[in-house]
Amino acid sequence: MALLIESPMTESLSRAAAEDVVRRYPVDIGGNRTADLVVLRKRINVYLESSEEPVAVLRFGGPNSGALWLKGDLIAEFQKEPAGSFEVIEIKDGFKRPGPREGVDPIAYLLERV
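An account of the accompanying structure is given in this report. (Residues numbered from 1 in each chain as written. Predicted model: local features only at pLDDT ≥ 70, side-chain atom pairs only at ≥ 80, totals over all residues. Heavy atoms only, no water.)

1. What to know about helix 2 (residues 106–113)
Considered for burial, the residues of helix 2 that qualify are Pro106, Ile107, Tyr109, Leu110 and Leu111. With a side-chain oxygen positioned 3.2 Å from the backbone nitrogen of Ile107, the residue opening helix 2 is Asp105. (Buried < 20%, exposed > 50% of the residue type's maximum accessible area, 1.4 Å probe, protein only. Helix = DSSP H or I, 4+ residues; strand = E, 2+ residues; numbered from the N terminus. Polar contact = N/O pair within 3.5 Å; in protein donor to acceptor, adjacent residues only side chain to side chain.)

2. Quick look at the environment of Glu77
Among the structural elements, Glu77 can be located in strand 6 (residues 73–80). We classify Glu77 as partly exposed; its relative accessible area is 27%. Those residues in contact with Glu77 that sit more than four places away from it in its chain are Gly66, Ala67, Glu87, Val88, Ile89, Ile91 and Lys96. At 3.1 Å, the side chain of Glu77 and the side chain of Lys96 are in polar contact. (Contact = heavy atoms within 4.5 Å.)

3. Brief notes about the environment of Leu40
Residue position: Leu40 is located in strand 2 (residues 33–40). The sequence separation of Leu40 and Asp20 amounts to 20 residues, and the corresponding C-alpha distance is 7.5 Å. With residues up to four places along the chain from it excluded, the contact list for Leu40 reads Ala17, Val22 and Asn45.

4. Some details on the pattern of salt bridges
In the structure shown here, the tally under the stated rule is four salt bridges. Between Glu77 and Lys96 there is a salt bridge, and its shortest N-O distance comes to 3.1 Å. Within this pair, whereas Glu77 is found in strand 6, its partner Lys96 is found in strand 8 (residues 95–96), the two being separated by 19 residues in sequence. The exposed category is assigned to Lys96, whose relative accessible area is 55%. Taking the shortest distance from any N to any O, the salt bridge between Glu90 and Arg101 comes out at 3.9 Å. Taken as a pair, Glu90 in strand 7 (residues 86–92) and Arg101 in strand 9 (residues 101–102) lie far apart in primary sequence, 11 residues in all. By sharing partners, the salt bridges in this structure join Glu90, Arg101 and Glu112 into a single network. (Salt bridge = Lys/Arg side-chain N within 4 Å of Asp/Glu carboxyl O.)

5. Description of the pairing of strand 3 (residues 43–48)
In terms of burial, strand 3 is largely enclosed, as five of its six residues are buried. Two strands pair when backbone bridges link them, and strand 2 and strand 3 are joined in this way by six bridges, in the antiparallel orientation. Opposite Leu37, over in strand 3, you have Val46 as the bridge partner. Hairpin connection from strand 2 to strand 3: two residues lie between these consecutive antiparallel strands, with Lys42 at a positive phi of about 70°. Of the strand pairs in this sheet, strand 3 and strand 4 (residues 56–62) are connected by four bridges, and their pairing is antiparallel. Considered in strand 4, the bridge of Ile44 is made with Leu58. (Pairing = 2+ DSSP bridges.)

As structure tokens, this is what we get:
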């Protein structure tokens, strides 16, 4: 499978996660590192190189919202705005941070944090 230079967008991954077919997308995340996005039903697991456990997970709460996990910790929630773009609400020490990040694709945000 060819390595993707850019990550697929959350909206297209959300449609793939609604199917009962597992899909894998290898993605270049910079710094000579790659990640595998494994799309399962209602979630996307992110694996680095040959890791056996996912280092990050995007879980869909619905087609337009969900939560982002990094190394077992909840780091953000996301939702799609009526205008069509996503906003990411960061979570630190169990609390939502003020001022959501608007216009940020959740999977891109997650890969940036990996």
